[in-house]
Amino acid sequence: MISKKRFLVGGVALALIAGTLVSTPAKAASSELVIGSVLDIDKLDPHTSTNFATVRALGLVYSSLVEVGPGNKLKTGLASSWSFNAAGTQLKLVLRQGVKFHDGSTFDATDAKASLERILDTKTGAAGRANLLTITSMVAEGRSLTLNLSVPNVPILAALDGVNMAMLSSDDIAAGKVGGSNKPNGTGPYKFVSWEPTQSVKYVSNPGYWMGAPKITNLTIRVIPNESSILSAMNAGTIQFGIVTDPLIAKQVSTKTLKLFKVPALAYYALQLNTKVAPFNDKNVRLAIQCSIDRPEMINTAMLGEGAVSGPITSPAYKSDPNARPCPKVDIAKAKEYLAAAGKSSGVTFKALVTSNGWATSVAMAQNLKAQLARADITMDLDIVDQATYVPRWLGADFVATLANNGGRIDPDTMYTRYFTSTGNLNKVATYSSATLDANFLKGKSSGKTAVRTSAYTAISKELEDNAVWVWLATPYEYRVATKELKGFVALATGSLLPLRSASLG
Amino acid sequence: MRLAKTSGIAARLLSVLITLFGISVFIFIVLRVIPGDTITGSLGIETGVLTPEQIDDLKRYYGIDKPLLLQYFSWITSFLSGDLGFAYSTGVSVLTLTGSSLPVTIELALFGTISGVIMGIAIGMFSAKKPGSARDFFGQLFGLLALAIPGFVLSTAIVTIMANKFGYFPNGYEYMTPWEDLWMNLQQMLFPSIVLGIAVAAPVMRTTRSALLETVDKDFIRTAFGKGLKSRTVQFRHVLRNSLIPIVTMTGIQFGYLLGGAVIVEKIFALPGMGRQILDAINKREYATVQSSVMIFAILFVTINLVTDIIYRRIDPRIK
Amino acid sequence: MTTKKQEKTWVHYYFKSTSGVVGAVLVLLMMIISICAAFGWTTHDPLAQNPMDALQGPSSTYWFGTDQFGRDVFSRAMDGMRRSMTVSIVAVGIAGFIGVSLGVLGGFLGKWLDGFVVRLSDVIFAFPAILLALAIVNSLGNSWIDTSLAIAIVYTPIFIRVARGPVLTIKELDYVKSVRVLGFSSPRILMSHVLPNVLAPILVQIALSMSWAILTESGLSFLGLGTQPPDASLGLMVSEAQPMAAFAWWTLVAPSAFITLVVVGLNLVGDGLRDSLDPARRQS
């Protein structure tokens, strides 16, 4: 009897295993790509999407007037050309001809105007609204859209890139058919097919796409809520593309069997300091922190070497020189001098707000920084909370210091005006502003000349570092893992999946 | 309490309702106590770009502008009338969401319980055959070792080894319900069920082993000089049938536990169950989804408990 | 009194059980390790980061190698053992104390108190543990005490159940009924007749719950809700080591081995207790 039972159990197990070997589903057809993502998308409205996964996913369906391409250069998108007037107060965009929405209607200037108006409408709650506030009026004529600006604003062009600036059909907007449970209707390379919450988003190629129909005809973003499982799924061949953020997982990718794409991200890590409260209301204490930190050590330990030291501005054209700061290398002696100058020779203690699940290496970074600061008699106590708790505290500047992962943009204006200008809507969080910063931001915004902008942003970077307003640490990498059969794909620093439109399998 | 049977059941039902009421209040309060709300949960740090008027608008939209007591009553009355609320981000009703995720979790818990019972009985029988021997010791030890490994370690190890060495990872494919593709569904449930089943297997193994040993002792002595040696295996079968009753009633409780404990397994094996639904909704502070999902869970759990209790009382006449 | 004599034979039987002995040895070993860690008697400072020595395999200097920060894995595991033990003892202590008190009082005194106790137990039972942990961690703080509290609340219903069951049965026994009729005070009846008989299953449950608590804490750590650095527990160590296991196996093996030993040990102790405390099971 015992042996019978065991036999039964063993037999069932064997049958299952045998069955799997026999009936493994046929390998995906060569024009189908399945992408593994830890996060599911959270909505279908491009203008209010802030979640990385949503932005990535909707970026395949919607297009914007301009695009950021490889090398972080601005490229034409739905706008085929543009020009500023001499004063820089008027931007004329010529729209691409022959672009159709997925529902068949034509894209023209009325759609562009309606889309921008929707972003500006406070009722929408659009994430990119602040970047368009200098627009006083818009004129739509056939294929051209003219934006009249209140002040010269050159960076507005770069601000027009991205899913938050998606071009929608004016009919959809008028009928209120955007977001909610409405099927996305865009001009992008892929048509939205379905969204099964917590499971997948499915797409099919858009045959009428203005760059030519994508070679990969079917796309699926499949939710696999664990990066280790994503890697396993790739090794087993059940998915062909994976979005990985954890350097520990990226290190395990076998380049013999898979392709690993790695590009420096525009996002950056910083220890934000609250300059309005003790002990960081004293500049000397802030400088002491800056000098106690060995950034390469943090990168090597917490990020396994997968990162680069950075300054405030990560926009490639105006990138900050990481050595242009009071302590480009760790200098404990100097740190102690600063502490003495602040009257704190016996040491300083403060609490740092850290998110436990905001990004993969947050807690590791915090631990290493804590150990480093201890060498200069600075005690950083860790206050670790989950992301949803972290957010309201971050927004309310309810912290003495916080380890943050902030997004970067290709233009320093869109990247930092919201933080460091006195009228910026996140200035409360940045806790610092000055007349000189305001002046320099205005200078950078108004001029079209690279030399002028460079001097403005160099000055801004210098002021931020010399005052140790925040302690800028490093930039990570964006990782994409793909099957060796994927050709023609290039990874972008913005994380966008748009290059899939020109890619092919096999 | 020597109440008549019918009023006994009525009393039980009343206590069930009170329990459920308690849970609804508890979950409501707990959610409001946690920092963050639906707005920050959905927009993250970009909430900072909203104007105060926009925030008021959103509060109205999410229904979190009303006083707490009103929010509670509007939720609980909708719930009782079948409207479980709305998951604002997805534009899908909680009822629909739960309708697809609950079966997954129930199937997982069911298979977990079954696999646990099978494993437990198998090891228990293996050990009981020669009590006190090395075989017995190692049988028990094996059961314990499996229990001692944290669930997520075991799960990840299984996934990694199966995928990397054998190229086998059914959970890397789209999840299939049993009616869509039974074979794929069973494969996707196989390893997660085994991992969950281990926690069930341990007590089952112990109960099986001791029950077998007890009966074997008695029967053995009784029949030793009597009819001649009866086949041990016949005794085992008889004993097993009797031991199954307490095992089954115990697994009723375990089943309920598994419903709540499956979230880690659901994450690693990418199963779209209730555990993940609740966890994701908590992270996004989607109050309606969390509240209603937890209530559904609680109703299920309490019902299972009630049924198990009734069966237990029927079998064990000592308890009144 | 009979109880004292029973206690002597109880211990005597315990040591006759192989499981009990092996378990006790393992648990004792883990306790010693925890105490050593508490006094700082470890091979290295568990918190000291030596980035130059990061990710080295086991050697004579670092018995179980180093992690990504250059911390000695063995010393950290010892410290982790201490913290896991602390969480486990505190959580089960609270759950046991509250659960048993409620279970015994409810079962013995009956009526509305019993009803309330059962209902409370059901409410907590039906509540997802993660949600509770999240709530506690977010509103009270995230030190190890808060994690222990979360686990304690989740485990209380088990103790209520384990304590209440025998009490219900004992309450109906003839001799207990008769001493009640004779007017013996309830506290005296509880102490001398009820508790000694409830003690057995409770002791067993304590051993088992302690082993589960360590595993629960590790699961919470995986979800980011367990003890937080620098209060790292074994569960957190395992959770952190898991993505590195492919190229730094020692970071996973040391804490896992410790968890396994203590969980197995506690379960064996539970078995030994069960074998020795239940007269029907005693081996001659």
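Now for a quick tour of the structure. Fair warning: this is a prediction, and the values are worked out from it, not measured in the lab.

## Re the overall build of chain C
Then step 1. Within chain C, the secondary structure is distributed over 10 helices and zero strands.
Then step 2. Listed N to C, the secondary structure of chain C is α-α-α-α-α-α-α-α-α-α in terms of helices and strands.
Then step 3. In terms of its C-alpha atoms, chain C occupies a principal-axis envelope of roughly 75 × 45 × 30 Å.
Then step 4. When the 284 residues of chain C are sorted by exposure, 55% land in the buried category.
Then step 5. Pairs at least 24 residues apart make up 70% of the contacts formed inside chain C by residues separated by at least 6 positions.
Then step 6. Accessible surface computed for chain C: about 11,700 Å², of which carbon and sulfur atoms make up 68%.
Then step 7. Side chains of chain C carry 19 positive and 17 negative charges; the gap between the two charge centres is 15 Å.

## Looking at the sheet that holds strand 9 (residues 200–205) of chain A
All names here are of chain A.
Then step 1. The strand order across the open sheet built from seven strands is 8-9-10-1-11-19-12, with neighbouring strands paired in mixed fashion. Of all strands in the sheet, those bounded by a partner on one side alone are strand 8 (190–196) and strand 12 (258–264). Taking the axes of each pair of neighbouring strands and ignoring which way they run, one obtains an average angle of 20° across the sheet.
Then step 2. Bridge count between strand 1 (residues 32–37) and strand 11 (residues 241–244): two bridges; the pairing is parallel. Bridging across to strand 11, Gly36 finds its partner in Gly242.
Then step 3. Lying on the sheet, helix 6 (residues 227–236) is in contact with strand 1, strand 11, strand 12 and strand 19 (477–483); it crosses strand 11 at an angle near 160°.

## Side note on the pairing of strand 17 (residues 401–406) of chain A
All names here are of chain A.
Then step 1. With respect to burial, strand 17 is a largely interior element, five of its six residues being buried.
Then step 2. One ladder, built from six bridges, connects strand 13 (residues 268–273) with strand 17; its direction is antiparallel. Note on strand 17: the bridge partner recorded for Ala270 is Ala404.

## Looking at the packing of aromatic side chains
Residues and elements named next belong to chain A.
Then step 1. Scanning the model with the defined rule gives 31 aromatic pairs over all chains in all.
Then step 2. Consider the rings of Trp470 and Trp472, whose centres lie 5.3 Å apart with planes at 35°: the pair is tilted. A single burial state applies to Trp470 and to Trp472, both of which are buried.
Then step 3. Aromatic ring contacts, followed pair by pair, group Tyr268, Trp394, Tyr416, Tyr419, Phe420, Trp470 and Trp472 into a single cluster.
Then step 4. Above the plane of the ring of Trp210 lies Arg96, whose end atom (NZ or CZ) is 4.0 Å from the centre.
Then step 5. Its end group placed over the ring of Tyr477, Lys262 keeps NZ or CZ at 4.7 Å from the ring centre.

The rules behind each value
- Residues numbered from 1 in each chain as written.
- Chains lettered and ligands numbered in written order.
- Predicted model: local features only at pLDDT ≥ 70, side-chain atom pairs only at ≥ 80, totals over all residues.
- Heavy atoms only, no water.
- Helix = DSSP H or I, 4+ residues; strand = E, 2+ residues; numbered from the N terminus.
- Buried < 20%, exposed > 50% of the residue type's maximum accessible area, 1.4 Å probe, protein only.
- Contact = heavy atoms within 4.5 Å.
- Areas by Shrake-Rupley, 256 points an atom, 1.4 Å probe, with all protein chains shown as cover.
- Lys, Arg positive; Asp, Glu negative; His and termini not counted.
- Charge placed at Lys NZ, Arg CZ, Asp CG, Glu CD.
- Pairing = 2+ DSSP bridges.
- Axes fitted to C-alpha atoms, helices over the stretch in contact; angles between N-to-C directions.
- Phe/Tyr/Trp six-rings, centres within 6.5 Å; stacked < 30°, edge-to-face > 60°.
- Lys NZ or Arg CZ within 6 Å of the ring centre and 35° of its normal.

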